[in-house]
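Working through the structure, step by step
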Amino acid sequence: MLNKIRLEAIHHRIAIVGQVKDAQTKQVIPGAVVKIANMPESFKSKLDLLASLYGDDWEKRVKRPDRTRTRVDGYFSFQDLPDGSYTLTASLLGTGTRYSADPTIKTILPGSNTESEDTEVQVSSDPETGADTIPTINFYFQPTALKGNVTNSDDEAVVMAKVKIEGSGEYTFTDNNGNYLLSSLEASRDKLSPRQVKVNVVAQGYQTLTSELVDLNQGAVTTHNLVVVKM
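Structure report, in brief. Quick caveat: nothing in here was measured; it's all calculated off a predicted structure.

Each value, and the rule that gives it
- Numbers given to residues run from 1 along each chain, matching the order in which its sequence is written.
- A pLDDT threshold of at least 70 governs which residues receive local features in this predicted model, and a stricter bar of 80 or more applies before side-chain atom pairs are shown or counted, although totals over entire chains, interfaces and linings include all residues.
- Calculated side-chain values reflect all of the structure's heavy atoms, with hydrogen atoms and water omitted.
- Between the rings of Phe, Tyr and Trp (Trp by its six-membered ring), a pair exists once the centres lie within 6.5 Å; its type follows the angle of the planes, with under 30 degrees stacked, over 60 edge-to-face, and the other angles tilted.
- In this scheme, a residue with accessible area under 20% of its type's maximum is buried, one over 50% is exposed, and one in between is partly exposed, where area comes from a 1.4 Å probe on protein chains only.
- The rule for pairing is simple: two strands pair if DSSP sees at least two bridges between them.
- The helix count covers DSSP runs of H or I at least four residues long, the strand count covers runs of E at least two residues long, and both are numbered beginning at the N terminus.
- Within this scheme, the nonpolar core is defined by two criteria: the residues are buried Ala, Val, Leu, Ile, Met, Phe, Trp, Tyr or Cys, and they are joined through side-chain atoms within 4.5 Å.
- Take a side-chain nitrogen of Lys or Arg and a carboxyl oxygen of Asp or Glu: if they are within 4 Å of each other, that pair is a salt bridge.

Once that is clear, we can look at the packing of aromatic side chains. Under the counting rule described, the total for this entry stands at 5 aromatic pairs. Arranged with centres 6.1 Å apart and planes meeting at 65°, the rings of phenylalanine 76 and phenylalanine 78 form a pair that is edge-to-face. Of the two residues examined, phenylalanine 76 and phenylalanine 78, each falls in the buried class. When the ring of tyrosine 171 is compared with that of phenylalanine 173, the centres are 5.9 Å apart and the planes differ by 85°; the resulting orientation is edge-to-face.

Structural data, given as structure tokens:
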């Protein structure tokens, strides 16, 4: 006589979702670490139990119920959280001084497209329908960046000019309005002094320009406008 085993799918409840992005370019940042910093006591008790079970390996685990990393599309999520109030934090790994240490947080409440700067969100379900209300928390890290516009001596925008950090491979091109943005640049590792760079501009029909020294500070966007001269 055969024993039959009935397999049932396990349905996980998505509780909180969000993305981590560059505050200037709005490009997603994969591999960011997102943690639950404050939580209901019921969830904390669950974590304490898991910590005792895993022992020394608990802190080494990349993914835990209270900690995760963003995917290649910048998204993260937390599942199966008990109802209550939560606060999340995010940090970046391996980016050096390319971003600020602390992000700006934008929370979108369920059923609304309005962004709020509240860092605390509520996880709950509708008592009548049982439907979950899933808050969205987006983290925006301010990059170390250089931006501005390139014009000629007639104050006309110079389109498709190559703007390059001298002595590095960091470059971009101006848009249809002559604007440029170099984001996620390395700042000085010495926090007491900025990284000083020169900017080269190469544009068809114009003399190559090398700017004066420009200061780059971690997590700050520096505006540096440039004027090129026709050949």
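Here we take up the pairing of strand E16 (residues 199-202). Moving residue by residue along a regular strand, the side chains alternate between the two faces of the sheet. Judged from the 4 bridges that link them, strand E12 (residues 162-165) and E16 form a sheet pairing that is antiparallel. Bridging from a neighbouring strand, isoleucine 165 pairs with valine 199 of E16. Across 2 bridges, the pairing between E16 and strand E17 (residues 209-210) is antiparallel. By the bridge assignment for E17, asparagine 200 is matched with threonine 210. Between E16 and E17, which follow one another and run antiparallel, lie 6 residues, and glycine 205 among them has a positive phi close to 85°.

If you trace the 4 strands from one edge of the open sheet to the other, you get E13-E12-E16-E17, paired in antiparallel fashion. At either end of the open sheet lies a strand with only one pairing partner, and these are strand E13 (171-173) and E17. In the sheet, E12 pairs with E13 via 3 bridges, with the strands oriented antiparallel. Across the sheet, lysine 164 pairs through a bridge with tyrosine 171, a residue of E13.

To continue, consider the nonpolar core. Counting residues in hydrophobic clusters, the biggest one holds 25 residues, and the most contacted among them are Ile16, Val20, Leu81, Tyr86, Leu88 and Phe139. Looking at this core, the elements that each hand over two or more residues are strand E1 (14-22), strand E2 (33-38), helix H1 (41-54), strand E4 (75-79), strand E5 (84-91), strand E8 (120-125) and strand E10 (136-141). Of all hydrophobic cores here, the second largest spans 18 residues; its members include Ile165, Leu182, Val197 and Leu226.

Before going further, it helps to spend a moment on the sheet that holds strand E6 (residues 104-108). What the 5 strands build is an open sheet, ordered E4-E1-E10-E6-E7; its pairing is mixed. Looking along the sheet, the strands with just one partner apiece sit at the ends: E4 and strand E7 (115-116). Where E1 meets E10, 4 bridges bridge the pair, whose relative direction is parallel. Paired with aspartate 22 across the strands is phenylalanine 141, a residue of E10.

This part takes up the pattern of salt bridges. The tally for this structure, following the rule as stated, stands at 8 salt bridges. As a salt-bridge pair, arginine 64 and glutamate 59 come within 3.7 Å of each other at their nearest N and O atoms. By relative accessible area, arginine 64 is classed as buried at 13%. We classify glutamate 59 as exposed; its relative accessible area is 56%. The partner of lysine 230 in a salt bridge is aspartate 154, and the shortest N-O contact between them spans 3.9 Å. Of this pair, lysine 230 sits in the segment after strand E20 (226-228) while aspartate 154 sits in the loop between strand E11 (145-152) and E12, and the two are 76 residues apart along the sequence. According to the relative accessible area criterion, lysine 230 is partly exposed, its value standing at 40%. Since its relative accessible area comes to 49%, aspartate 154 is described here as partly exposed.

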